Amino acid sequence: MVQTANNKLFEGLSPKEMIEATYEASKNFQIRAFYEAKDEIIDTGKYTEQEFFEILDVMIDDETERKIVLEHFKGQEPLFLGEIAEIIKEFPAENVIRDVIYLKEQGYVEELIEVKTKTVTKKIKGEEKEVEVKEYFYRYQVKDLEPDFIEHHFEPVSVVFNSGTCCQCGWCSTICPVNAIKVDADNLEIDDDKCMKCGLCFTVCPRSFSIDQANKATKKLNKKLNWSDKIGAYVNTYSGSTKNDEIMKVRQDGGVVTTIAEYLLDKKIVDAVIAVQHSKQLWKPEPVIIDDVKDLYKTAGTKYANSPSLSILDQTKKYENIAFVGVPCMMKALEKGKLFLCGLPFFKNIKYRIGLFCMESFPYEGIIKLAKEQFDKDINDLTKMNIGGGKFIIKLKSGEQLDVPLKEVQKYARESCHFCEDLTSDYADFSVGSIGSQDGWSSVITRTKESDEIYNEIIKNGDLESKNLKEVKPGLFLVEKIGGIKRNKCQDPYEKIKNSSEK
Ligand SMILES: Cc1cc2nc3c(=O)[nH]c(=O)nc-3n(C[C@H](O)[C@H](O)[C@H](O)COP(=O)(O)OP(=O)(O)OC[C@H]3O[C@@H](n4cnc5c(N)ncnc54)[C@H](O)[C@@H]3O)c2cc1C
Ligand code: SF4
Ligand code: SF4
Ligand code: SF4
């Protein structure tokens with residue numbers, strides 16, 4: 001049915017091994033569903049015929065690689081991901097690691113979790129105390145499969161939505177090759193007549209299965225990166241503030257996000273930025289593609305209602321390079337696309353991911369209710385909302401500022417945010433938030449060599465003031481502390497999906 005692309009990755013493998021792996025790959029349900037729906041996919045207009053075959057090639061190569069990894073991994077003792085990557089030298093370590101995670105989802109590999117308890121000394125309210133902490137160790141082993149074993153297939157993402165864990169990021173609707181999925185800020189619908197059950201939407205969904213162990217193992221192989229269990233991998237951490245007077249008037253915190261976006265557009269490093277602006281209804285965000293710097297300032301400032309920003313990514317095909325601004329769940333969605341579907345034409349153009357910190361977001365109706373019930377104000381009277389110092393703060397057109405303790409507003413937040421473990425956008429290139437920095441400043445985490453270089457070029461260009469986040473108060477300490485709290489209180493979305501689809 002299909003042929004593998006002539007890919008350098010497979011150089012050095014014997015023809016026999018390639019034929020067997022390709023044959024096994026050709027049985028994969030996802031490849032078959034995609035191939036068999038070729039006419040519908042091209043008629044939908046999302047992909048040209050050439051793009052269709054490019055995607056198919058990548059799907060086949062990825063699946064062939066997985067089958068080879070599986071063969072080389074069989075018969076081993078339970079191993080850590082990094083150890084597996086050391087044994088299987090045929091492919092880059094990051095490919096082997098992501099392949100093992102996917103093979104687990106396909107049913108070939110078992111994840112064995114060992115929990116150990118250790119005693120550490122912690123300062124609690126100024127006093128040093130010994131506390132017990134749990135450590136988790138993840139090992140993987142190929143399962144003993146019955147002869148009639150059938151590879152798991154992935155359901156459409158209605159299973160995610162129905163479980164109540166969907167974060168409405170919109171990524172599945174962009175990915176779906178036949179436009180069967182509609183996502184807005186509150187809802188998700190799948191047109192069963194159009195759906196060809198390829199499961200691509202499930203593969204890329206940030207809530208469908210975890211890639212956190214793969215991320216940790218891959219990042220730890222890069223000795224140039226710092227690793228924190230609470231905020232992920234990073235190059236440097238800063239506290240920054242814009243020097244641009246116009247951005248100062250509209251910014252949320254340090255105006256760093258808008259300053260980075262402006263620099264990227266100005267220097268033609270990207271041709272467009274996807275950000276969020278107020279829709280016709282004030283404080284109801286809508287995603288927008290900005291390709292002219294003069295339109296950028298209207299995107300500044302935080303809108304606390306969620307925006308399904310990834311749903312418009314397929315409209316950016318005409319741009320060679322783009323930057324995407326979004327919350328942590330969207331950064332994870334993009335990472336899944338990078339790991340498992342890197343052949344998608346509109347996806348290859350994402351050059352920079354600017355991730356925000358995020359503790360929770362609210363449904364738009366929740367924001368209206370919050371303003372009314374907590375402050376007795378109409379949403380249209382608000383000029384700014386902010387979270388800081390444990391309070392939810394609003395500013396009014398009159399200039400008045402009011403606040404309530406943060407715990408009072410948590411009941412208005414979206415249920416699905418309880419399944420989110422990431423405060424600081426672990427999967428972004430730049431992460432920006434207010435926790436850790438003083439008013440008028442943003443905390444910034446650069447997570448790649450390239451994003452760190454750009455951040456420093458912006459400082460050199462005179463657009464940003466910046467300090468080391470470790471040297472400001474409360475600084476990196478607080479970011480890590482809150483990051484750890486969010487991880488610890490997160491409910492497991494993957495169990496929830498499993499349990500609700502078994503009912
Ligand atoms: C829902 C939400 C919750 C947040 N919670 C926290 C928190 O708990 N702790 C913390 O430290 N920081 C949080 N932040 C981040 C913080 O509010 C600021 O966005 C961040 O500090 C950057 O400030 P800035 O002045 O550099 O950004 P600006 O230069 O003002 O730019 C803000 C950028 O955010 C984008 N944006 C605004 N609203 C949304 C939205 N709903 N979805 C996607 N993008 C959006 C805009 O398009 C713009 O590009 C949250 C942000 C959001 C959107
Ligand atoms: S809804 Fe999901 S499973 Fe159905 S066609 Fe679209 S991507 Fe494939
Ligand atoms: S989390 Fe995102 S990708 Fe997953 S079902 Fe919801 S909208 Fe789709
Ligand atoms: S808390 Fe998590 S799921 Fe909720 S909006 Fe923020 S990043 Fe998305």
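Shown above is the structure to which this text applies.
The structure contained in this document is the topic of the report that follows. Within any chain, residue numbers begin from 1 and follow the written order of that chain's sequence. By the order in which they are written, chains take letters starting at A while ligands take numbers starting at 1. The predicted origin of the model limits local features to residues at a pLDDT of at least 70 and limits the giving and counting of side-chain atom pairs to 80 or more, whereas totals for whole chains, interfaces and linings rest on all residues. For side-chain calculations, the full set of non-hydrogen atoms in the structure is used, while hydrogens and water are omitted.

As for the site of ligand 1
For clarity, the cut-off: When we say a residue is near a molecule or strand, we mean one of its heavy atoms is within 4 Å of it. Definition of a polar contact: a pair of N or O atoms within 3.5 Å, with one able to donate and the other able to accept a hydrogen when the atoms are protein atoms, and with sequence-neighbouring residues admitted only if both atoms are side-chain atoms. Here, Shrake-Rupley sampling with a 1.4 Å probe gives the accessible areas, and only protein chains in the shown set may cover a residue. Numbered from the N terminus, helices here are DSSP runs of H or I no shorter than four residues, and strands are runs of E no shorter than two.
Taken together, 30 residues lie around ligand 1, and D253, G255, T258, T302 and S434 are the ones closest in. Here an oxygen atom of ligand 1 and a backbone polar atom of T299 are 3.2 Å apart. One of the side-chain nitrogen or oxygen atoms of S442 is found 3.2 Å away from an oxygen atom of ligand 1. Protein burial of ligand 1: of its 900 Å² of free accessible surface, 98% is covered by the chains. Elements represented by at least two residues in the shell around ligand 1 include exactly α12 (256–266), β8 (272–278) and β15 (430–433). With 3 residues, α12 is the largest single contributor of residues to the shell around ligand 1.

Let's talk about unusual backbone geometry
Following K473, the chain continues into P474 via a peptide bond in cis, with omega recorded as 0 degrees. For P474, the location among the structural elements is in the loop between β17 (464–468) and α17 (475–489).

Some thoughts on the site of ligand 2
Let me state the cut-off plainly: Only Asp, Glu, Lys and Arg are considered charged, only Ala, Val, Leu, Ile, Met, Phe, Trp, Tyr, Cys and Pro nonpolar, and every remaining residue, Gly among them, polar.
If you check the shell around ligand 2, you find P156, C176, P177, V178, I181, C195, M196, K197, C198, G199 and C201 and nothing else. Considering only residue class, the shell around ligand 2 consists of 9 nonpolar, 1 polar and 1 charged.

A few points about the environment of N28
Our working rule: Should any heavy atoms of two residues lie within 4.5 Å, those residues are considered in contact.
With respect to the helices, strands and loops of the structure, N28 is situated in the loop between α1 (15–25) and α2 (29–36). Sequence separation between N28 and M59 is 31 residues; the distance between their C-alpha atoms is 9.8 Å. The residues touching N28, leaving out its near neighbours within four places in the chain, are E63, Q106 and E151.

Concerning α12
Basically, it comes down to this: Relative accessibility under 20% of the residue-type maximum defines a buried residue, over 50% an exposed one, and the middle range a partly exposed one, all with a 1.4 Å probe and only protein chains included.
Of all 11 residues that make up α12, 10 are buried, and the element is covered over most of its length. Among the residues of α12, V256, V257, T258, T259, I260, A261, E262, Y263, L264 and L265 are the ones counted as buried. Remark: K268 follows α12 within two positions and exhibits a positive phi of approximately 55 degrees.

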